[in-house]
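The residues making up each chain are set out below.
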Amino acid sequence: MSQFFADVIAFVPERDDEAGRSVLAGNYAVERRSYFGLFIRRCYLSFFKLSWRGSIKLLADYKNWVEGKDAGYNLRPTDRDGGLLLVPTISDEQNQAQMDPYERYENAVKIGDIHSAIENLRRFFDQQFSQTDESGLTQHALLNLARLHYSLGEFQAAGSAAEEALKLARNANDALTALHCNNLLKRLIPASSSPGSNISATVKPNTAPLEVLFEVAKGIVTGDSLRAAFRKLYQSIGCGDASYADSTEAKWARHAVQATLWTYAGVESLAQTHENIVITFTEAGDDDSRLNALRAKARRMVRQGNCGGALMVLMDPETWRGLTLRQYGLWSSDVWKALFETAKRRHQESLISDVLIPRRPPHPPLPQALAHRMDFPHKHNEVVAEKIARRLMTRQHAKGSVFQDDKEYAQALTHILDALWSSEYRGTWTYHRLAVVQLAE
């Protein structure tokens with residue numbers, strides 16, 4: 001067996017050339033860093049680390065395998081310690097970094113156990129990742145901590161952690177982490193209420209596609225046109241094509257954003273096509289793109305009066321299985337709205353006032369860039385017009401029905417005319433059609 005391993009290792013080069021590439025000359029038939037080359041070198045090193053007892057056991061297992069008998073290591077936990085089978089080396093005695101703390105951190109984030117999440121994040125990055133005392137990954141720990149605070153709506157803590165991570169990343173010449181920190185800090189900057197001023201972020205090399213998609217969402221909320229949003233979407237597609245690390249998550253997120261934009265544009269067929277693509281090619285879990293597509297599908301059913309179908313979509317285990325606590329808040333809000341619309345259509349006033357209203361789920365925190373100011377006129381004119389239209393037609397005791405009862409059409413007409421101008425400027429033809437119908441009313 002010693003001769004066998006000696007012959008096998010002869011096919012793998014023992015050194016690299018000056019450029020750092022494996023030498024493939026003479027009898028070297030396997031590249032050193034290929035999968036097969038790494039496997040051969042690992043087998044070779046493991047064989048020569050065997051103790052005498054380990055060599056005898058390997059030989060006996062090999063003979064049993066040749067004779068067709070049951071062969072296997074059948075290692076006991078005690079055989080791995082004390083050098084019974086393997087001669088321990090210096091590297092074996094070192095504590096290597098493990099992924100278990102990070103897995104516990106992700107699980108704690110999903111269930112909302114923030115104290116456990118922060119503690120496991122600290123344990124993961126406190127491990128020894130290199131031979132030096134300093135791991136050099138402190139900026140990664142702070143960046144993950146900043147993202148955690150941001151997802152919880154704790155924007156001040158998120159900004160402090162991101163700024164500290166940015167300083168450490170610059171000191172360590174970690175350009176990629178510094179870019180992620182800058183992108184997170186941009187999300188914490190309050191948005192302007194003037195149209196066209198929030199969707200002109202410059203795309204730089206290594207820009208993450210998801211960050212560009214966030215600019216699309218911010219522009220839609222703050223009143224930018226759909227043309228600018230589609231331009232930003234195409235930039236995101238370009239960032240994904242130019243990046244070797246473009247994730248599958250970013251690809252489905254682009255489809256989800258396109259579905260939203262086509263819904264605003266009034267082209268429901270294209271919106272449903274992109275939603276079906278996301279739902280078909282993603283699995284149940286904490287995927288925001290899949291959840292948003294299913295929520296949009298349920299909201300469309302509610303608007304069409306098919307509240308039962310919307311509840312079937314939302315209550316399907318493939319929809320809610322694996323959701324995080326933040327995603328659960330979004331999902332529960334849509335379930336509540338579907339139940340509310342069902343009770344309202346059936347004129348179940350007591351059910352609404354006694355059961356549904358007291359149990360309305362709280363709204364999840366908005367991003368700092370969108371939560372700082374909510375007086376964006378070009379967005380809210382359309383929303384007000386939609387509410388007026390619905391409440392005038394359903395004669396609910398709300399602001400719109402007061403206009404009808406008191407004959408104060410002039411005040412309602414102001415909102416509708418503003419919505420007509422805003423929707424025509426932005427290209428949100430869904431709201432434009434509604435405003436035209438209500439203007440005719």
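Caption draft 1: Representation of the overall build of the protein within the structure. Within the protein, the regular secondary structure consists of 23 helices and zero strands. Counting across all 441 residues of the protein, residues that qualify as buried make up 39%. For the protein, restricting intrachain contacts to residue pairs at least 6 apart in sequence, the fraction spanning at least 24 positions comes to 57%. Summed over all atoms, the accessible surface of the protein reaches about 26,500 Å², with 55% contributed by carbon and sulfur.

Caption draft 2: Structural context of the packing of aromatic side chains. For the coordinates displayed, the defined rule picks out eleven aromatic pairs. Measuring from centroid to centroid gives 5.6 Å for Tyr328 and Trp331, while their planes differ by 35°, and the two rings are tilted. Taken as a pair, Tyr328 and Trp331 lie in helix α17 (residues 325-345) at a separation of three residues, close to a single helical turn. A residue is classified by how much of its surface remains accessible, and Tyr328, at 44% relative accessible area, is partly exposed. We classify Trp331 as buried; its relative accessible area is 10%. Ring-pair connections join several aromatic residues into one group, and the members of that group are Tyr102, Tyr105, Phe124 and Phe125. Its end group placed over the ring of Phe214, Arg187 keeps NZ or CZ at 4.1 Å from the ring centre. Its end group placed over the ring of Trp252, Lys251 keeps NZ or CZ at 4.7 Å from the ring centre.

Caption draft 3: Local environment of the pattern of salt bridges. Tallying each qualifying case throughout the model produces 13 salt bridges. Measuring nitrogen to oxygen at the nearest pair gives 2.9 Å for the salt bridge that ties Glu275 to Arg300. Taken as a pair, Glu275 in helix α13 (residues 268-281) and Arg300 in helix α14 (residues 288-303) lie far apart in primary sequence, 25 residues in all. Judged by its relative accessible area of 4%, Glu275 falls in the buried class. Sharing partners across several salt bridges, the network here consists of Glu119, Arg122, Arg123 and Asp126.

Caption draft 4: Expanded view of a nonpolar patch on the surface. On the surface, a cluster of nonpolar side chains totalling about 520 Å² of accessible area is made up of Met1, Leu59, Tyr62, Trp65 and Val66. The residue Met1 is located in the segment before α1 (2-9) in this model. Its relative accessible area of 36% is what places Met1 among the partly exposed residues.

Caption draft 5: Spatial organisation of the packing of helix α7 (residues 138-151) against helix α8 (residues 155-171). With their axes 8 Å apart at the nearest point, α7 and α8 run at an angle of 160° to one another. As far as their axial angle goes, α8 and α7 are roughly antiparallel. In the crossing of α7 with α8, the sense of the turn from one axis to the other is left-handed. On α8, the residues touching Thr138, Gln139, Leu142, Leu143, Ala146, His149 and Tyr150 of α7 are Phe155, Ala157, Ala158, Ala161, Ala162, Glu164, Ala165, Leu168 and Ala169. Residue classes in the contact of α7 with α8 are distributed as twelve nonpolar, three polar and one charged.

Caption draft 6: Structural context of unusual backbone geometry. Within the chain, Asn173 stands out as a residue other than glycine whose phi angle is a positive 55°. Here Asn173 is to be found in the loop between α8 and α9 (175-187). Relative accessible area serves as the criterion here: at 69%, Asn173 is assigned to the exposed category. At His347, a position not held by glycine, the phi torsion is positive, near 60°.

Caption draft 7: Examining the nonpolar core more closely. Within the largest apolar cluster, 17 residues are counted, with the highest numbers of intra-cluster contacts made by Tyr150, Leu184 and Leu188. When contributions to this core are tallied by element, the ones reaching two or more residues are α7, α8 and α9. Not counting chain neighbours up to four residues away, the residues in contact with Leu184 comprise Leu143, Ala146, Arg147, Tyr150 and Ala162. Formed by 16 residues, the second largest nonpolar core is a distinct cluster that contains Val278, Met301, Trp331 and Val335.

Caption draft 8: The arrangement of the side chain of Asn144 in detail. Positionally, Asn144 belongs in helix α7. Residue class for Asn144 comes out buried when judged on its relative accessible area of 14%. For Asn144, the side chain forms a polar contact with the main-chain oxygen of His140, separated by 2.7 Å. Residues contacting Asn144, with those up to four places away along its chain left out, are Tyr102, Tyr105, Leu121 and Phe125.

Caption draft 9: Region of the structure containing the side chain of Asn120. Structurally, Asn120 is set in helix α6 (residues 114-125). Dropping the residues within four chain positions of it, Asn120 is found in contact with Pro101, Arg104 and Tyr105.

Caption draft 10: Spatial organisation of α9. Along its 13 residues, α9 runs 19 Å from first to last C-alpha, staying within 8% of the 18 Å computed at 1.5 Å per residue. Residues Thr177, Ala178, Leu179, Cys181, Asn183, Leu184, Leu185 and Arg187 constitute the buried set of α9.

So, how was this worked out
- Residues numbered from 1 in each chain as written.
- Predicted model: local features only at pLDDT ≥ 70, side-chain atom pairs only at ≥ 80, totals over all residues.
- Heavy atoms only, no water.
- Helix = DSSP H or I, 4+ residues; strand = E, 2+ residues; numbered from the N terminus.
- Buried < 20%, exposed > 50% of the residue type's maximum accessible area, 1.4 Å probe, protein only.
- Contact = heavy atoms within 4.5 Å.
- Areas by Shrake-Rupley, 256 points an atom, 1.4 Å probe, with all protein chains shown as cover.
- Phe/Tyr/Trp six-rings, centres within 6.5 Å; stacked < 30°, edge-to-face > 60°.
- Lys NZ or Arg CZ within 6 Å of the ring centre and 35° of its normal.
- Salt bridge = Lys/Arg side-chain N within 4 Å of Asp/Glu carboxyl O.
- Patch = residues over 30% accessible without salt bridge, like charges linked within 9 Å, V, L, I, M, F, W, Y side chains within 5 Å.
- Axes fitted to C-alpha atoms, helices over the stretch in contact; angles between N-to-C directions.
- Parallel < 35°, antiparallel > 145°, perpendicular 65-115°, else oblique.
- Left-handed = near helix turned anticlockwise from the far one by under 90°.
- Nonpolar A, V, L, I, M, F, W, Y, C, P; charged D, E, K, R; others polar.
- Core = buried A, V, L, I, M, F, W, Y, C linked by side-chain atoms within 4.5 Å.
- Polar contact = N/O pair within 3.5 Å; in protein donor to acceptor, adjacent residues only side chain to side chain.
- Expected span 1.5 Å × (residues − 1).

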